[in-house]
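# Architecture and fold: a report
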Amino acid sequence: MSTASTIVKLPPQEGATLPKKSYLNSEYGLKSWLLTGDHKRIAILYLISITFMFFVGGAMAGLIRLELLTPQSDLMATDTYNKVFSMHGIVMVFLFLVPSVPATIGNFLIPIMIGAKDLAFPKINLLSWYLYLAGAAFTIAAMVLGGVDTGWTFTTPLSTHYLNTHVVTAGLGIFIAGFSSIFTGLNFIVTIHRMRAPGMTWFRLPLFIWSHYAASILMVLGTPVLAISLVLVILERTIGIGIFDPTKGGDPLLFQHLFWFYSHPAVYIMILPGMGVISEVISTFSRKRVFGYTAVAFSSVAIAVFGFFVWEHHMFIMGVSNYSALVFSLLTMLVAVPTAIKIFNWSATLYKGSITFETPMLYAFGFLGLVTIGGMTGVFLGSMGMDIHLTETYFIVAHFHFVMVGGMLMAYLSGIHFWWPKMTGRMYPEQVSKLAALTTFIGFILTFFPQFILGYLGMPRRYAAYPPEFQVLNVLSTAGATVLGIGYLLPMLYMTWSLKYGKIAGANPWQATGLEWQIQSPPLTENFLETPIVDHEAYDYEWLANKTQHEVQTVG
Amino acid sequence: MDSQAIATSPEHTPSVEHAHPPYLRHHFETVEQQREASSFGMWLFLLTEIMFFGGMFAAYLIYRNWYYPAFVAGSHQLSIVLGTINTAVLIGSSFTMAMAVYSAETRNRKALITYLLLTITLGLVFLGIKSDEYHEKWEKHHVPGLNFSVHDFVNVNPAYPDDKPLPLDMAEKTQVYFSLYFAMTGMHALHMIIGISILIILVIKAYGGSYTDGHVSTIENFGLYWHFVDIVWIFLFPLLYLISRHQ
Ligand SMILES: [Cu+2]
């Protein structure tokens, strides 16, 4: 297995034609979409719904940044502000980031990458989407009926005793959306175990599959704990049982233990699929096998395992024992190891590669830089002494936005651009998308870098007003958010435009090695005409270059 | 509505040479693969269920260590007779469920329907006894939040005259015990209700001839679910009713 890069000529696209028959035109009508069992159509349904929720959450972010333009709370009342940032968090975490890559790109690609016709349980896959919609409907209902102001963390006893907002409705929404995520994870795990094509051994799987496998373990094991903690909060609000209620002997801190037992791994549910995207993109545009394939594959699993033993770092200032905080602080540092393994291996993949700078690669570079900053500041926050100073300030806000927005959203956009030709059969416009990638990066740095400084200087999070000396940095941040907003709006516009006017992509516009690139774009409903037999490792560019003829399966 | 079946390649029309059994979904290669996938999926689902109940078991562990006397006094208010009967009923229903799986495997439709109906009956008996216990808790003012009084815990329990009455602050903590009692048995009962609803659908489909044509994985997987719900009770019964009985 050579680790050198292979020069690959991109195929001429002028000759490419759209296949006559594909999953997009095999059936027509709304019903054929709403009752579909096809993983690719369900992926598209998810793509539309999470994009909608992203702009709902984004609108909330816009309102937050507008309010913080001035030191006084002048745009909205303080309790409205609480509702706005709560809704921003709930929507972005549970209804955008958690399903973002797995439910769209993952759903579309996992069966194809392993050479299967569909996920193991197509009906459960469709059910997941309906559960997602129901969860989103409850959450939006909570917002429309008057909002919820607990923050996305539902911290007790605030959520159980002191608020008269729609905690139960929002809680139910997250509970239901949680089951959507559980079923997606379950479907992925069974599919990866049981549906692989002949010859597709575990160590021939693309790293995208490994990272989704690891994320699915977290979804399946973590989300039920979130579900039960929300059920107990709801029961406490409605009938008044006392498991978290100190006046009845309960412990509010127990809620946080249960909540963070899910919500720390949830960070990895969000970021691991993104890391899978980055592995594919970096390999493709360096024309090299991912350096240290096995290490990258196992680091995903290691992140999933370690991820379950660090949750208490969210609670260092909440009165947990010093000794347990010490242990959790050490364990938190440990998670940085597999993450660093990934970053180093990606960098080594770039080394001496024949790198080209297509849009997905630009986003991937954004990811690498921003996630490294986000990850390193996570190590600051994981060390107890620093954490006591920095937690509950804008430092932590900046930290997790570097990981979630700088990391995950970059990876998501990278993946969407990378596989857009496969999903739709058409290219996105290259120049304007490069501009969008650049805008996003600049907007991002401008929005969130000042927040590190603000947090270090002591500006607390979750307040509508702040001392006037913080205004300059806040204005910078708001300006950045505006740029960032444009950066996100652009892809939505030109992607929609490209559906009709984009250049026809052809089967393998990037000359990538994955099985998904060896079939027509957009694929047939059953993906492969006959079950593929895999006889080469993942990312084998020599195999691709030596393929005398690119037999592409096209029908009609 | 099976879009997988519609979406075959143009040349492919279901023909006799492809002697697939009708229940083989199109994206699977073999019946064996389909069966393995669905049972694997079911085991994973049960794993999520373990995590779901696990949150409450963790809470139980912590609070029992903190408020041991309150947990003893609380469990002395439960009826060991009803609890034991219910345990027997549930184990019996697991037996009839296992027999139903066996009947499906041996393609005996009449026996399958009989055993499914027996399982439903036993499940309903369990729920009936459980609701009687809930009713008793209500009458005795042991329902935290809605209807609670410390009266029974600051006085001597006539059934356990050796127990010392609890001091007021510890008596208050019995609310945590009963919160856990209702949350855990309530979630368990909810799983029973869902199970019984699915059983009713299974009976109707079995009348139509399903499951005795060689395609038993639905019945097998439901059997796994039912046994799981049974096992949860096998843990709940000693934790809530038994282990504090003799100090
Ligand atoms: Cu964390």
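Since this is a predicted model, take the numbers as computed values, not measurements. (Residues numbered from 1 in each chain as written. Chains lettered and ligands numbered in written order. Predicted model: local features only at pLDDT ≥ 70, side-chain atom pairs only at ≥ 80, totals over all residues. Heavy atoms only, no water.)

Attention shifts here to the overall build of chain B. On a plain count of helices and strands, chain B comes out with eight helices and two strands. What you see in chain B, going N to C, is helices and strands ordered as α-α-α-α-α-β-β-α-α-α. Seen along its three principal axes, the alpha-carbon backbone of chain B occupies a region of about 80 × 35 × 30 Å. Expressed as a percentage of its 247 residues, the buried residues of chain B come to 51%. Of all intrachain contacts in chain B linking residues separated by at least 6 positions in sequence, the fraction that spans at least 24 positions is 78%. For chain B, the computed accessible surface area is about 11500 Å², with 67% contributed by carbon and sulfur atoms. (Helix = DSSP H or I, 4+ residues; strand = E, 2+ residues; numbered from the N terminus. Buried < 20%, exposed > 50% of the residue type's maximum accessible area, 1.4 Å probe, protein only. Contact = heavy atoms within 4.5 Å. Areas by Shrake-Rupley, 256 points an atom, 1.4 Å probe, with all protein chains shown as cover.)

Okay, the UniProt feature "domain: Heme-copper oxidase subunit III family profile" (unreviewed entry) in chain B next. Here the UniProt-annotated "domain: Heme-copper oxidase subunit III family profile" (unreviewed entry) positions come out as residues 40-245 of chain B. Between the first and last C-alpha atoms of residues 40-245 of chain B the distance is 39 Å; the span itself is 79% helix and 2% strand. (UniProt positions renumbered as here; feature names shortened; annotations may be inferred.)

Those places that UniProt annotates as "transmembrane region" (unreviewed entry) correspond, in this numbering, to residues 40-63, 111-129, 180-204 and 224-243 of chain B. The span residues 224-243 of chain B is 95% helix and 0% strand, and its two end C-alpha atoms sit 27 Å from each other.

Residues and elements named next belong to chain B. On the secondary structure map, Tyr241 appears in helix 8 (residues 217-242). For Tyr241, a relative accessible area of 0% puts it in the buried group. Side chain to side chain, Tyr241 and Lys130 meet in a polar contact 2.9 Å long. In terms of polar contacts, Tyr241 uses its side chain to reach the side chain of Glu133, at 2.6 Å. (Polar contact = N/O pair within 3.5 Å; in protein donor to acceptor, adjacent residues only side chain to side chain.)

All names here are of chain A. Structurally, Thr160 can be placed in helix 6 (residues 158-162). One polar contact links Thr160 to His161, side chain to side chain, over a distance of 3.0 Å. Once you skip the residues sitting within four places of it in the chain, Thr160 turns out to touch Val233, Glu236 and Arg237.

The predicted structure's coordinates, where accompanied by low pLDDT, should not be read in detail. Of all residues in chain A, 96% attain a pLDDT of 70 or more, and the chain-wide mean is 92. Segment residues 552-556 of chain A is flagged for pLDDT under 50; beyond a separation of four residues in sequence, or across chains, it makes 20 contacts in the model. (pLDDT = per-residue confidence, 0-100.)

Facing the 43 residues of chain B at the interface are 47 residues of chain A. Summed over both sides, the interface of chain B with chain A buries roughly 3800 Å², with 71% coming from carbon and sulfur. If you sort the residues of chain B by the area they bury against chain A, His27, Met51 and Phe52 of chain B come out on top, with a joint share of 15%. Viewed at the interface, chain A and chain B are joined by two salt bridges. Among the salt bridges present, the one from Arg194 of chain A reaches Glu36 of chain B, with a minimum N-O distance of 3.4 Å. For the pair chain B and chain A, the interface holds 10 residue pairs in polar contact (both at pLDDT 80 or more). Ranked by the residues each element gives to the side of chain B that touches chain A, the list is headed by helix 2 (residues 31-66) of chain B, at 18 residues. (Buried area = accessible area lost by both parts, 1.4 Å probe. Salt bridge = Lys/Arg side-chain N within 4 Å of Asp/Glu carboxyl O.)

This brings us to the UniProt feature "domain: Cytochrome oxidase subunit I profile" (unreviewed entry) in chain A. In the numbering adopted here, UniProt assigns the feature "domain: Cytochrome oxidase subunit I profile" (unreviewed entry) to residues 27-535 of chain A. End C-alpha atoms of residues 27-535 of chain A are separated by 34 Å, and the span's content is 70% helix alongside 0% strand.

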